Number of protein chains: 2
Amino acid sequence: MREQIIRLRKEMDKNNIDAYLVMTDDFHGSEYVGDYFKCREYLSGFTGSAGKMVITSKEAVLWTDGRYFIQAEEELNGSGIELYKMGEPGVPDIFEYLESTLKEGECLGFDGRTVNAMIAQKLERILLRKSVKIVYDCDLAGEIWKNRPERSHSKAWLLGLCYSGISAEKKIGLLRDVLKENLCDAIIITALDEIAWLFNIRGNDVEYNPVLLSYAIVPENKDDNILLFADKRSIDGDVEEELKKLSIVICDYNNIYNYIKKLENGTRIMLDKSGINSMILKNIPDGVKIKNVISPVMQMKAVKNPVEMENERTAHLKDGTAVTKLIYWLKHNAGKMDITEFDVVQKMEEIRNEIDNYIEPSFATISAYGSNGAIVHYEPQKPGDKILPKGFLLLDTGGHYMEGTTDITRTISLGELTDIQKKHYTAVLMGNLRLSDASFLYGCRGTNLDCIAREPLWKMGLDYKHGTGHGVGYLLNVHESPNSFRWRINPSQINSQDAVLEEGMITSDEPGLYIEGEYGIRLENLIMCRKSEENQYGQFMKFEVLTMAPFDRDAIDINMLNDDDRKILNCYHRTVYKNISPYLNAEEREWLENETKDI
Amino acid sequence: MREQIIRLRKEMDKNNIDAYLVMTDDFHGSEYVGDYFKCREYLSGFTGSAGKMVITSKEAVLWTDGRYFIQAEEELNGSGIELYKMGEPGVPDIFEYLESTLKEGECLGFDGRTVNAMIAQKLERILLRKSVKIVYDCDLAGEIWKNRPERSHSKAWLLGLCYSGISAEKKIGLLRDVLKENLCDAIIITALDEIAWLFNIRGNDVEYNPVLLSYAIVPENKDDNILLFADKRSIDGDVEEELKKLSIVICDYNNIYNYIKKLENGTRIMLDKSGINSMILKNIPDGVKIKNVISPVMQMKAVKNPVEMENERTAHLKDGTAVTKLIYWLKHNAGKMDITEFDVVQKMEEIRNEIDNYIEPSFATISAYGSNGAIVHYEPQKPGDKILPKGFLLLDTGGHYMEGTTDITRTISLGELTDIQKKHYTAVLMGNLRLSDASFLYGCRGTNLDCIAREPLWKMGLDYKHGTGHGVGYLLNVHESPNSFRWRINPSQINSQDAVLEEGMITSDEPGLYIEGEYGIRLENLIMCRKSEENQYGQFMKFEVLTMAPFDRDAIDINMLNDDDRKILNCYHRTVYKNISPYLNAEEREWLENETKDI
C-alpha cells in the first residue's frame, strides 16, 4: 500500500474518521487547480484532471471517467488503490459506495472547502438517515503532506477601463441594487472569475485562468466596507490603492470561515449554493437567512458590455491572424520537415508571443494528429509522432489578450483526403455555419438552437458526444456559464446552464465528429449574440462571428452544401480575408486569397 | 343588471357568499363542454369558448382573451357586466382581482367541480393569508338555472380490437403495473379521453370529442373491482357485458365525490393534480396519501400502438382524398358560382360523409377567406361573403374515423397572388417541410426541434404566435398532451406538455403567418414519430408524414427553396399522388398529377 495512504490512515485513526473523502476541487470550484490543492494527486499518484477518492481502514478507491481509464490504471499500478471506472456497468458511484460501506455510528470526514455544497447536502441526505456522522473540517491530507507546495500568491493587477468597459464602482453599485431588490444584507462570492470581473482585477493564481485566489463579501449598505479575503502579498501598489478607494478591505484569505461563523442572527445572505463549497454553507449560523439564487454576478459577467464587445473583435482579429499563419506554416511544412503535435503547440505559442497584448494560452492547446483527434480531451506529449502530409490535424487553441479571450478549433487537412473524410468535414462545417447564421426571437436558449448544428450529422446517423458550445469569459475563464448550446434539457439547471441568450453573450459554436482509431474533426468559432430588428413579433436576435480564420477548402465536399450554406461560407470567408489579410506577409496573403475564394 | 345576476346575488346572500367564481370548465377539464355545463354563458350571455366570471354584491366582471374582445363587448352590452380584457395593460387577472376585492372574514364560493385543482390551490395560497374563507361545494348558478339542459347521456360504444390494437384488459394490466411500481393502491382518472382510451369505449357526450362523461377509479389489486362513475342510461347491451367481464362496476356519475370522502386512512392514491378538479382533491381525507404524477394513462395513450399506427395511415388516406377533392372543387368553382366560407365547410362535410367509417368532424372547421384568415381562431358564420377568385382561403379541418383522427390545414390560392404572398406562403411551407424531414436522437423534445419550422420565417423577421404543433389522439381529442412543438420552455411542465418524442406519437406540424387585415397562411400535416437507425451514437428518430394532400404549387416561389427543400417537397408530392390518385375521378386525377409534378 502506498505510503501516503498508510500515513493518512493513522491520521484518520487519531481523528476517529472511518472514511475520508478527497475531491479534486480547490476551495472555489475552479476548473483548473493550483499545485497547493492537488491532495488527490499527492495521495494517489494519479495526475488526471478529474477524480475522487475514498479511503477507509480496509480500502482505498479512486473514481475517474473514461478519459483517464488507461492513465489511471498505469499510475495506480502497485499503489494498492483500486480504480472504479465511472459510468461502467456495475460500478457504484461515490454516493452508493459510501452508503453501502459506512455503518451506523461511523464517521465520514473531508475538507469541506473542497466539496461543493450541493454534493455535501446530498451526502447528508444519504448518510444521516443511516446515522453516519459527517465531519466537514478535517484536512487530513494537508496534515500529512510533507513539502506541500505553497499556495499561489501572484500579484493582482488592475484591468483598465478601456478594457473592462465598466468601472468596479459601477458594477458594485449594480450588484447592490440586486441585493436591495432581494432584501438581502450581503452576498458571498467565491467564484474566482466573478470576483475578478466585479473588481476589475486579474491575477495569475490558477493555470489558464487569470484570477486571484480570494473570496468576497459585498454588503448592500454603501457605507459598509466590502471584504476581500486574499493573500495580502498579492495586493500592493496601485491595486491596493484602487481597492481602498472602493472601500474594499483586504482580510486574510482563510479568515472568511471565521467571519461567516459570526454573522448576526437575522442577517439575510445571498449566495449561489451550486457554486460555493460546503464549509462556507456549514459555517453560516442557523439564525442567518439564506437567499439561494443563481449568481447575479455570473449573469452580469456573461453579458459583455459595448467596450468588451468591441475589444473582443480586436482580440479575435489578432488571434485569427495567428491561427491563419499557423495553418499556412503547417500546410507548407508538414512532410517537408519533422513536425510533431507538440511542435505545433510550440509554434502556436511562438506566433502568439509576437502579438501585442497577448498574455497566455486560455487552455492547454489540443494538437491531435490522425487517430489522436478522435480522443476528445487529448493532450499532446513531447516527444510524439511526426505529422505526415496526409489526413487531419485537429487544433483547438486559444489565448488571453487584454482585449479578451479566444477559443478556436480548426481541423487542417494535410494532403489528399478520402471521400468519406470530406463528407464528414463538410457535415461538421454545415452545422457550424448554420448555427452561426441562425435568426431567432429573444427568449430562445441554446437548447432551442442546438439541433441546427447537429442536423447535418444527425441526417447521416452521426453525432458528437459533447455540447455544441460553452460561454466564454472576457480575459477570464474560457468556459463560463450560464449560456451554452446543448440539446438535453435539465429543468433544474435551465437558467444557470442554459440561459436565455442576451445581446453580448459569447458562446462557442463547435460541432465535431470523432471516428475512433481514425480521425477527429471539430470546427469552432466564437459567436456573439446581437440584437437585430424589433417588430410586432418581438425582438429578433442573431449572432456575430468573432473568430477570424479560414475553413479548409480542400476538405469540403461542395456537392453537400446547399445554396444557403454556400452563401454563409462565402460571406464568412470574404470577411476573414478582408480582416486578416493586412496582417499577413505576401505569400500568406496570396495563399489566404485562394483559400477564401467563393465556392 | 341582467336578471340572472340579480337572482344569483340573492342566492349568494342566502349562502353568505361574498364573491362567486364561475369558470367555463366542465367537471373534467374538457376542451369543449356540453350545454349542461354552460353556467358562465347562462349567467352572462357571453357565448365565447373561454371566459371566467366573478360576481360580488357590487360588481359582476367577466374576463376573456383577445379572440373574444369584440364579441364579448357586443354580447355583454346592457347586461351590467363589466368586461376585463385579459393581457391588456393595467387589467388585473382573476387572482389579483379577488385578492384586492375580498376582505378579511369574507367568503369566496364556487362549484369545485368546475375549478382545476391547481387553480384552487393558488386561490387558497392567496386568500387564506388574508383570512378569506373558500367554499368549494356551491353550485349557485345551477340552483337558479331554470330549464337547465339535461346532462348528456349518449350511448357508449365499444371500440373493437382491430381499431384499438390493445385490449382493455391488457391496458388495465399495464396501468396496474404502474400502480404497483409506485406502491399505490388506486388511481383516480377524470380526463374523459383517458377513460375512453383505457376501457376501449367511446361516447358522444362532448362536441367533437367522442367520449363518455365519466370518472374512473382503478385499484392496483386485480381482485378488486374497477369503478366507473357514469350515467347508467349510457351503458347497456354489449358495452355493459364487456365492462362486466373486465370487473368494471358502474356507479352513479355524481357518486364519486362521496366515494372519495370515504377512502380509508393510509390508502395511497395516484392522481394528476394538473388534470383533476378541486372538488376531487378537496374530498380526499387527510389520512390518504396522494401520489401526484403526470398521468400514466396520458403517456400510454399518446404512444400509438402498431395497429393504431397502421389505421392512422388509412384514416389519413381517406381524409387526404376528401381534402384533395375539396381543393379541386374550390379551385374550379370559386368565382364561377357563389361560394361562401360556410359553403366550404358544408362541402367538406358532404365529401367526408361519403367515406366509409367517417364519424364526425374532429373540431369546427376553420374556413377563412382573405383577411379572415389572419384571425387565428376564426369560425365562419352563415351567411358570409362570397369567395372570389383571388387571394387565399385558409382551410383547417379534420375528422374522426374508426381508423383515427385527422387534422389538416391547407392554404388555397385562388387566382393570381402577389410576390409577397408567394414569399410568405413559401416560407411557411419551408418550415413545414423541414420539420417533417428532421432527424434527431432519441431524447429530443419538441422544444429542441421547433426552431426548424420557424427558422425560414425568423430569417425574414416574421413569426406566428402559436405553437408549431400539438399531440393528436386516436379517435379521441384532436388536441392531446404530452407531446408538442413549441419553443418556450416551461421547466415545471416539461414532461407533461413537452415530453420526449416517442415512436408512435402523432403531432401536428403547422407553422403559419398572419398578416392582419390581409390574409392568413397555415400549412399543417400530422407527423408520426418513428425510429430510424440505432448505432453507437444512440437511437435515431424521424417523422412519417401521415397527412396526404398537395401543397399549392401556384403559391410557391421556387427560388426560395434550396435543393433540400425541393427534394422533400417533390418526394412528398410523389407519395401524395401515388396514394391518393386511385380514389379520384379522371379530372381530379389529371389535376393532381400536375399539382404534384416535381419542382
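Per chain, residues are indexed from 1 in the order of the written sequence. Each chain is given a letter, starting from A, and each ligand a number, starting from 1, according to the order in which they appear as written. Local features are withheld for residues below a pLDDT of 70 in this predicted model, meaning they are given only at 70 or higher, and side-chain atom pairs are given and counted only at 80 or more; totals for whole chains, interfaces and linings count all residues. To obtain the side-chain values, all non-hydrogen atoms of the structure were included, while hydrogens and water were left out.

Asks: I'm lost on the overall build of chain A in this one. Help?
Replies: Scanning chain A from N- to C-terminus turns up 20 helices and 28 strands. Radius of gyration means the value over C-alpha atoms here, while the globule rule gives 2.2 Å times the residue count to the 0.38 power. Compactness check: chain A gives a C-alpha radius of gyration of 25 Å against a globular reference of 25 Å for 599 residues, within 12% of the reference. Expressed as lengths along the three principal axes of its C-alpha atoms, the size of chain A is roughly 70 × 60 × 50 Å. Only protein chains enter the accessibility calculation, which uses a 1.4 Å probe; a residue whose area is less than 20% of its type maximum is buried, one above 50% is exposed, and one in between is partly exposed. Expressed as a percentage of the 599 residues in chain A, the buried residues total 60%. Contacts are assigned to residue pairs with any non-hydrogen atoms lying within 4.5 Å of each other. Sequence-distant contacts in chain A: of pairs separated by 6 or more residues, those separated by 24 or more amount to 69%. Per-residue and other accessible areas follow the Shrake-Rupley method at a 1.4 Å probe size, with only the shown protein chains counted as cover for residues. With the model as given, the accessible surface of chain A reaches about 24,300 Å², and the carbon-plus-sulfur share is 47%. Numbering of helices and strands starts at the N terminus; helices are DSSP runs of H or I of at least 4 residues and strands are runs of E of at least 2.

Asks: What is the right way to read the relation of the copies chain B and chain A from this model?
Replies: Each copy is superposed on the other by least squares, with the fit set by C-alpha atoms of residues at a pLDDT of at least 70 in both. Overlay of chain B on chain A (RMSD 0.0 Å): rotation 180°, translation along the axis 0.0 Å. Taken together, the rotation angle and the small translation identify this as a two-fold axis. Same-surface contact between copies: 100% of interface residues of chain B are shared with the interface of chain A.

Asks: Could you clarify how one ought to interpret the pairing of strand 2 (residues 52–56) of chain A in this entry?
Replies: Where a strand is regular, its side chains alternate between the two sheet faces. Residues and elements named next belong to chain A. Strand 2 sits mainly inside the fold: four of its five residues count as buried. Pairing of strand 1 (residues 19–22) with strand 2 involves four bridges; the strand directions are antiparallel. Across the sheet, residue leucine 21 finds its bridge partner in strand 2, namely valine 54. The rule for pairing is simple: two strands pair if DSSP sees at least two bridges between them. As paired strands, strand 2 and strand 3 (residues 60–64) are joined by four bridges and run antiparallel to one another. Bridging from a neighbouring strand, methionine 53 pairs with leucine 62 of strand 3.

Asks: What exactly am I supposed to notice about helix 9 (residues 192–199) of chain A here?
Replies: Residue and element names in this part refer to chain A. Counting buried positions over the eight residues of helix 9 gives eight, a clear majority of the element. Three or more residues of helix 9 are buried, namely Leu192, Asp193, Glu194, Ile195, Ala196, Trp197, Leu198 and Phe199. Once helix 9 ends, the next one or two residues include asparagine 200, with phi positive near 55°.

Asks: Could you clarify how one ought to interpret the pattern of salt bridges in this entry?
Replies: Oppositely charged side chains can pair when the atoms bearing their charge come close. Put simply, a salt bridge is a Lys or Arg side-chain nitrogen that is within 4 Å of an Asp or Glu carboxyl oxygen. This structure, assessed with the given rule, holds 74 salt bridges over all chains. The residue aspartate 437 of chain A makes a salt bridge to lysine 459 of chain B at a minimum N-O spacing of 3.5 Å. Note that aspartate 437 of chain A is positioned in the loop between helix 16 (419–436) and strand 21 (440–441) and lysine 459 of chain B in the loop between helix 17 (446–458) and strand 22 (469–471), a pairing that runs across two chains. Looking at aspartate 437 of chain A, the relative accessible area reads 31%, which means it is partly exposed. Of the residues examined, lysine 459 of chain B reaches a relative accessible area of 42% and is grouped as partly exposed.

Asks: Hey, could you run me through the state of the cysteines in this one?
Replies: Disulfide: a covalent bond connecting the sulfur atoms of a pair of cysteines. The definition used for a disulfide is geometric: two cysteine sulfur atoms within 2.5 Å. Considering all chains together, one arrives at zero disulfides over all chains under this definition. Of all cysteine sulfurs, the one in cysteine 451 of chain A lies closest to cysteine 451 of chain B, which takes part in no disulfide; the gap is 4.3 Å. By relative accessible area, which is 1% here, cysteine 451 of chain B ends up buried.

Asks: Got a minute to help me understand the interface of chain B and chain A in this structure?
Replies: Bring the parts together and some accessible area is lost; that lost area is often taken as the interface size. Listed per partner, the contact involves 39 residues of chain B and 39 residues of chain A. Buried surface area refers to the total accessible area, computed with a probe of radius 1.4 Å, that the two partners give up upon joining, counted for both partners together. Note on chain B versus chain A: buried area summed over both sides is about 3,100 Å², and carbon and sulfur give 56% of it. There are two salt bridges connecting chain B and chain A. Definition of a polar contact: a pair of N or O atoms within 3.5 Å, with one able to donate and the other able to accept a hydrogen when the atoms are protein atoms, and with sequence-neighbouring residues admitted only if both atoms are side-chain atoms. The interface formed by chain B and chain A holds 14 residue pairs in polar contact (both at pLDDT 80 or more) in total. At the level of elements, strand 21 (440–441), helix 17, strand 25 (512–515), strand 27 (525–535) and helix 19 (563–580) of chain B are the ones that each hand at least two residues to the side of chain B that touches chain A. Element by element, the count of residues in the side of chain B that touches chain A is highest for helix 17 of chain B, at seven residues. Tallied by class, the residues present in the side of chain B that touches chain A amount to 20 nonpolar, eight polar and 11 charged. Throughout, the ten residues Ala, Val, Leu, Ile, Met, Phe, Trp, Tyr, Cys and Pro are labelled nonpolar, Asp, Glu, Lys and Arg are labelled charged, and all others, Gly among them, are labelled polar.

Asks: What exactly am I supposed to notice about helix 14 (residues 306–333) of chain A here?
Replies: One turn of the α-helix equals 3.6 residues, which is why residues spaced by three or four share an orientation. All names here are of chain A. Compared with an ideal rise of 1.5 Å per residue, which puts 28 residues at 40 Å, helix 14 spans 41 Å between its outermost C-alpha atoms and is within 8% of the ideal. The opening residue of helix 14, the one whose side-chain oxygen lies 3.1 Å from the backbone nitrogen of valine 307, is asparagine 305. Glycine 335, located one to two residues past helix 14, shows a positive phi value of around 95°. Each helix should span, by expectation, one fewer than its residue count multiplied by 1.5 Å.

Asks: When you look at the confidence of the model for chain A in this model, what are you seeing that I'm missing?
Replies: It should be kept in mind that the predicted coordinates are not to be read in detail where pLDDT is low. You can read pLDDT as the predictor saying how much it trusts each residue, on a scale of 0 to 100. With 100% of its residues at a pLDDT of 70 or more, chain A shows a mean pLDDT of 96. Reported for the predicted complex are a pTM of 0.95 and an ipTM of 0.93.

Asks: Teacher, can you tell me more about unusual backbone geometry here?
Replies: If a residue is not glycine, its phi is most likely negative; likewise, a peptide bond is most likely trans. The omega torsion across lysine 382 of chain A and proline 383 of chain A is -5°, close enough to zero to call that bond cis. Checked against the element boundaries, proline 383 of chain A lands in the loop between strand 16 (366–369) and strand 17 (392–397). In this chain, serine 481 of chain A is followed by proline 482 of chain A through a cis amide linkage whose omega measures 10°. Along the chain, proline 482 of chain A turns up in strand 23 (residues 480–485). Positive phi, normally seen in glycine, also occurs at asparagine 200 of chain A, with a value near 55°. Take asparagine 200 of chain A: it is sitting in the loop between helix 9 and strand 9 (201–202). For asparagine 200 of chain A, a relative accessible area of 5% puts it in the buried group. Of note in this structure, asparagine 147 of chain B is not a glycine but carries a positive phi near 55°. Along the chain, the position of asparagine 147 of chain B falls in the loop between helix 6 (140–144) and strand 7 (157–158). In this structure asparagine 147 of chain B comes out as exposed when scored by relative accessible area, which is 76%.

Asks: Mind showing me how you'd approach the sheet that holds strand 16 of chain A here?
Replies: Sheet strands pair by backbone hydrogen bonding; their relative direction is either parallel or antiparallel. Residue and element names in this part refer to chain A. Strand order in this open sheet of three strands is 16-17-20, and the pairing throughout is antiparallel. Edge positions in the sheet fall to strand 16 and strand 20 (408–413), since each has one partner strand and no second. When the angles between neighbouring strand axes are averaged without regard to direction, this sheet yields 10°. Strand contacts of helix 14: strand 17 and strand 20, with the helix running at about 20° to strand 20, the strand carrying the most contacts. Axis definition: a line fitted to C-alpha atoms, over the contacting stretch in the case of helices. Angles run 0 to 180 degrees between N-to-C directions.

Asks: I tried to follow the packing of aromatic side chains on my own but got confused; where do I start?
Replies: What characterises a pair of aromatic rings is the spacing of the ring centres plus the angle enclosed by the ring planes. Two rings belonging to Phe, Tyr or Trp (six-membered ring only in the last case) form a pair when the distance between their centres is within 6.5 Å. Interplanar angles under 30 degrees mark stacking, angles over 60 mark edge-to-face geometry, and anything in between is tilted. For the structure shown, the criterion picks out 42 aromatic pairs over all chains. Taking 6.1 Å as the distance between ring centres and 20° as the angle between the ring planes, the aromatic pair formed by phenylalanine 392 of chain A and tyrosine 425 of chain A counts as stacked. With phenylalanine 392 of chain A in strand 17 and tyrosine 425 of chain A in helix 16, the pair connects residues that are 33 residues apart, well separated along the chain. There is no split in this pair, since phenylalanine 392 of chain A and tyrosine 425 of chain A are both buried. Think of it as a cone above the ring: NZ of Lys or CZ of Arg counts as a charge over the ring if it is within 6 Å of the ring centre and within 35 degrees of the ring normal. A cation over a ring is seen here: arginine 148 of chain B above tyrosine 36 of chain B, with NZ or CZ 3.8 Å from the ring centre.

Asks: Looking at this model, I keep getting lost on the nonpolar core. Mind explaining?
Replies: Most often, soluble globular proteins keep nonpolar side chains buried together rather than apart. Residue types Ala, Val, Leu, Ile, Met, Phe, Trp, Tyr and Cys, when buried and joined through side-chain atoms within 4.5 Å, form a set referred to as a nonpolar core. Core analysis: the largest hydrophobic core is formed by 158 residues, its most contacted members being Phe440 and Phe543 of chain A together with Phe440 and Phe543 of chain B. When neighbours within four sequence positions are excluded, phenylalanine 440 of chain A is seen to be in contact with Leu449, Leu501, Cys529, Gln539, Phe540, Met541, Lys542 and Phe543 of chain A together with Trp458 of chain B. If you look at the next biggest cluster of nonpolar residues, it comprises 92 residues, including Ala19, Leu127, Leu246 and Met300 of chain A.

Asks: So what exactly am I meant to see when it comes to the sheet that holds strand 18 (residues 399–401) of chain B here?
Replies: Residues and elements named next belong to chain B. Reading across from one edge, 15-18-19 is the order of the three strands in this open sheet, with antiparallel pairing throughout. Of all the strands in the sheet, just strand 15 (358–361) and strand 19 (404–405) have a single pairing partner and so form its edges. Pairing of strand 15 with strand 18, which is carried by three bridges, proceeds in the antiparallel orientation. Bridge pairing in strand 18 places proline 361 opposite glycine 399. Packing against the sheet, helix 15 (residues 341–353) makes contact with strand 15 and strand 18, and its axis sits at approximately 165° to strand 15.

Asks: Can you walk me through the packing of helix 14 (residues 306–333) of chain B against helix 15 of chain B in this structure?
Replies: Any two packed helices are characterised by how steeply their axes cross, that is the angle between the axes, and by the distance between the axes. All names here are of chain B. Direction vectors running N to C along helix 14 and helix 15 enclose 135°, while the axes themselves pass 9 Å from each other. Put simply, helix 14 runs oblique to helix 15. The chirality of how helix 14 crosses helix 15 is right-handed. Each of Asp319, Ala322, Val323, Lys325, Leu326, Trp329 and Leu330 in helix 14 lies in contact with helix 15, whose residues at this interface are Val344, Lys347, Met348, Ile351 and Arg352. A breakdown of the residues in the contact of helix 14 with helix 15 according to their chemical character gives eight nonpolar, no polar and four charged. Oblique is the label for any angle not under 35 degrees, not over 145, and not in the 65 to 115 range, which are roughly parallel, roughly antiparallel and roughly perpendicular in turn. Handedness of a helix crossing follows the sense of rotation of the near helix relative to the far helix, less than a right angle counterclockwise being left-handed and clockwise being right-handed.

Asks: Please clarify how the environment of alanine 302 of chain B should be interpreted in this entry.
Replies: Residue and element names in this part refer to chain B. Position of alanine 302 relative to the elements: it lies in helix 13 (residues 296–302). Exposure remark for alanine 302: the relative accessible area of 0% places this residue in the buried category. Between the C-alpha atom of alanine 302 and that of methionine 505, which follows or precedes it by 203 residues, the distance is 5.6 Å. Excluding residues that lie within four positions of it along the chain, alanine 302 makes contacts with Glu480, Ser481, Pro482, Asn483, Gly504, Met505 and Ile506.

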